[in-house]
Amino acid sequence: MIRVGQGFDVHPFCDNKALYLGGVEIPYHLGLSGHSDGDVLIHAIADSLLGAIAKQDIGHHYPPGDPETSGIDSKKILHYTHELLLETGWLICNIDCTVICEKPKIAPFREVMAATMAECLKIGQDQIQVKGTTTEKLGFTGREEGIAAMATCLVMKH
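Values in this document were obtained by computation on a predicted structure and should not be read as measured data.

### Some remarks on the environment of Ala114
In this fold, Ala114 is placed in helix α4 (residues 110-121). Put simply, Ala114 and Val130 are 16 residues apart on the chain and 6.4 Å apart in space, counted from C-alpha to C-alpha.

Written out as structure tokens, the structure is:
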């Protein structure tokens, strides 16, 4: 049996916080607000995987406002998602994801993001593709108010 999942997340920029994308700290003068570290890319991937295996979404497992998970490193969310996949008998075939923003540029960090997330999910780096795109200055990402990310995954029962 195979299943497809999709995920999407968005966070606005904020001051006085580091920017994390794909589990990697990206040099930039703004971070992303959110209950966790604001890593939209990991959140989109986790939601795609959770959806594919019919296990709700991140908000179900990590409720917003829960003081115990405030500021959580999103890599912990990926580790948790990986454990849930194993417990329920699913394997990741591949993940394809896109970060949507005008700045910062994603290309210089794609490989290290993919390697970091592949390590968290115990998959090969060739099973995860990270891309970046802009909205040609349109919408909130075009106005550089925040970052969005989307992810699609394929999983199979083993």
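### A few points about the environment of Phe140
Note on placement: Phe140 falls in helix α5 (residues 139-142). Using a relative accessible area of 31% as the deciding quantity, one classes Phe140 as partly exposed. Considered as a pair, Phe140 and Glu102 are 38 residues apart in the sequence and their alpha carbons are 9.9 Å apart. Excluding anything up to four places from it in sequence, Phe140 contacts Val10, Glu145, Gly146, Ile147 and Ala148.

### Considering the pattern of salt bridges
Enumeration over the complete set of coordinates arrives at 3 salt bridges. The closest approach of N and O atoms between Lys75 and Asp73, which form a salt bridge, is 3.2 Å. One salt bridge in this structure joins Asp96 and Lys131, with 2.5 Å as the shortest N-O distance. Taken together, the positions of Asp96 in strand β5 (residues 90-100) and Lys131 in strand β6 (residues 128-133) put the pair 35 residues apart, joining distant regions of the chain.

### Some points on the packing of aromatic side chains
Inspection of the entire model under this criterion finds 2 aromatic pairs. Ring geometry for Phe13 and Tyr28: centres 5.6 Å apart, planes at 40 degrees, overall tilted. Remark: Tyr28 occurs in the loop between β3 (24-26) and β4 (31-32) and Phe13 occurs in strand β1 (residues 2-14); sequence separation between them is 15 residues. With a centroid separation of 5.5 Å and an interplanar angle of 80 degrees, the aromatic rings of Tyr62 and Tyr80 are classed as edge-to-face. Here Tyr80 lies in helix α3 (residues 74-87) and Tyr62 lies in the loop between α2 (58-61) and α3, a separation of 18 residues in the sequence. Look at Tyr80 and you get partly exposed, because its relative accessible area is 33%.

What counts and how
Residues numbered from 1 in each chain as written. Predicted model: local features only at pLDDT ≥ 70, side-chain atom pairs only at ≥ 80, totals over all residues. Heavy atoms only, no water. Helix = DSSP H or I, 4+ residues; strand = E, 2+ residues; numbered from the N terminus. Buried < 20%, exposed > 50% of the residue type's maximum accessible area, 1.4 Å probe, protein only. Contact = heavy atoms within 4.5 Å. Salt bridge = Lys/Arg side-chain N within 4 Å of Asp/Glu carboxyl O. Phe/Tyr/Trp six-rings, centres within 6.5 Å; stacked < 30°, edge-to-face > 60°.

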